[in-house]
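Chain by chain, the residues run as shown.
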Amino acid sequence: MKQTLAVLMAAALMVPAFGQGVIKGREKEQRARIKEGVKDGSITKAEAAKLRREQKDVRQDVRAAKSDGQVTAGEKAHITREQNKASRDIYKQKHDAQDQK
Ligand SMILES: [Ca+2]
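To start, this report covers the structure provided alongside it.

Definitions and limits used
Residues numbered from 1 in each chain as written. Predicted model: local features only at pLDDT ≥ 70, side-chain atom pairs only at ≥ 80, totals over all residues. Helix = DSSP H or I, 4+ residues; strand = E, 2+ residues; numbered from the N terminus. Buried ≥ 20, exposed ≤ 12 C-beta atoms within 10 Å, placed from the backbone. Core = buried A, V, L, I, M, F, W, Y, C linked by C-beta atoms within 7 Å. Contact = placed C-beta atoms within 7 Å. Expected span 1.5 Å × (residues − 1). Arc of directions from axis to C-beta.

1. Here's the deal with the overall build of the protein
- Counting secondary structure elements, the protein contains 3 helices and 0 strands.
- Reading the helices (α) and strands (β) of the protein from amino to carboxyl end gives α-α-α.
- Within the span of the protein, comprising 101 residues, buried residues form 16% of the whole.

In structure tokens form, the structure reads like this:
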């Protein structure tokens, strides 16, 4: 019985931990990388706008995933994939020759 309660409590804590921890942390990190790229000239304004739209899309999907009060493993995997793609896109824009899209 005590064990069941502990499992339920852990499950209840997982949703906010997922949303505020991993996702927010990565978003903050990616935003900082975009800002840094704009500052050192490796990311143009147009590229930054595109990358920030990507971040916005991820945030929208996080909100949608949370809207029913439950972030499923599938939703979490989808968001992680999106963030991985966003991260790769930031890397690409930071290392391109600006004229390569
Ligand atoms: Ca670039």
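2. Regarding the nonpolar core
- Counting residues in hydrophobic clusters, the biggest one holds 11 residues: Ile 23, Ile 34, Ile 43, Leu 51, Val 58, Val 62, Ala 65, Val 71, Ile 79, Ala 86 and Ile 90.
- Going through the elements one at a time, helix H1 (2-40), helix H2 (45-66) and helix H3 (73-95) are the ones with two or more residues in this core.
- Looking at which element gives the most residues to this core, the answer is H2, with 4 residues.
- Leave out the neighbours within four places in its chain, and Ile 34 touches Ile 43, Ala 48, Leu 51, Arg 52 and Ile 90.

3. Some words on H2
- Taking 1.5 Å of rise per residue, the 22 residues of H2 would be expected to cover 32 Å, and the 31 Å separating its terminal C-alpha atoms lies within 8% of that figure.
- Every buried residue of H2 is accounted for by Glu 47, Leu 51, Val 58, Val 62 and Ala 65. Axial view of H2: buried residues confined to an arc of 65°, hence all on one face. Exposed side chains of H2 directed beyond 90 degrees from the buried face belong to Lys 45, Ala 46, Ala 49, Arg 53, Lys 56, Asp 57, Gln 60, Arg 63 and Ala 64.

4. What to know about the environment of Val 58
- Looking at the element boundaries, Val 58 is found in helix H2.
- Val 58 sits in the buried class, given 21 other C-beta atoms within 10 Å.
- Measuring from C-alpha to C-alpha, the distance between Val 58 and Arg 81 comes to 9.8 Å, with 23 residues separating the pair along the chain.
- With residues up to four places along the chain from it excluded, the contact list for Val 58 reads Glu 27, Ile 79, Glu 82, Gln 83 and Ala 86.

5. Focus on H3
- With 23 residues, H3 extends 33 Å between its outermost C-alpha atoms, agreeing within 8% with the 33 Å of an ideal straight helix rising 1.5 Å per residue.
- When H3 is considered as a whole, its buried residues turn out to be Ile 79, Gln 83, Ala 86, Ile 90 and Gln 93.

6. Considerations on the environment of Ala 48
- Structurally, the position occupied by Ala 48 is in helix H2.
- Ala 48 gets classed as partly exposed once you count the C-beta atoms within 10 Å, which come to 16.
- Residues Ala 48 and Gly 37 lie 11 residues apart in sequence; the distance between their C-alpha atoms is 8.4 Å.
- Apart from the residues within four sequence positions on either side, Ala 48 is in contact with Ile 34, Val 38 and Ile 43.

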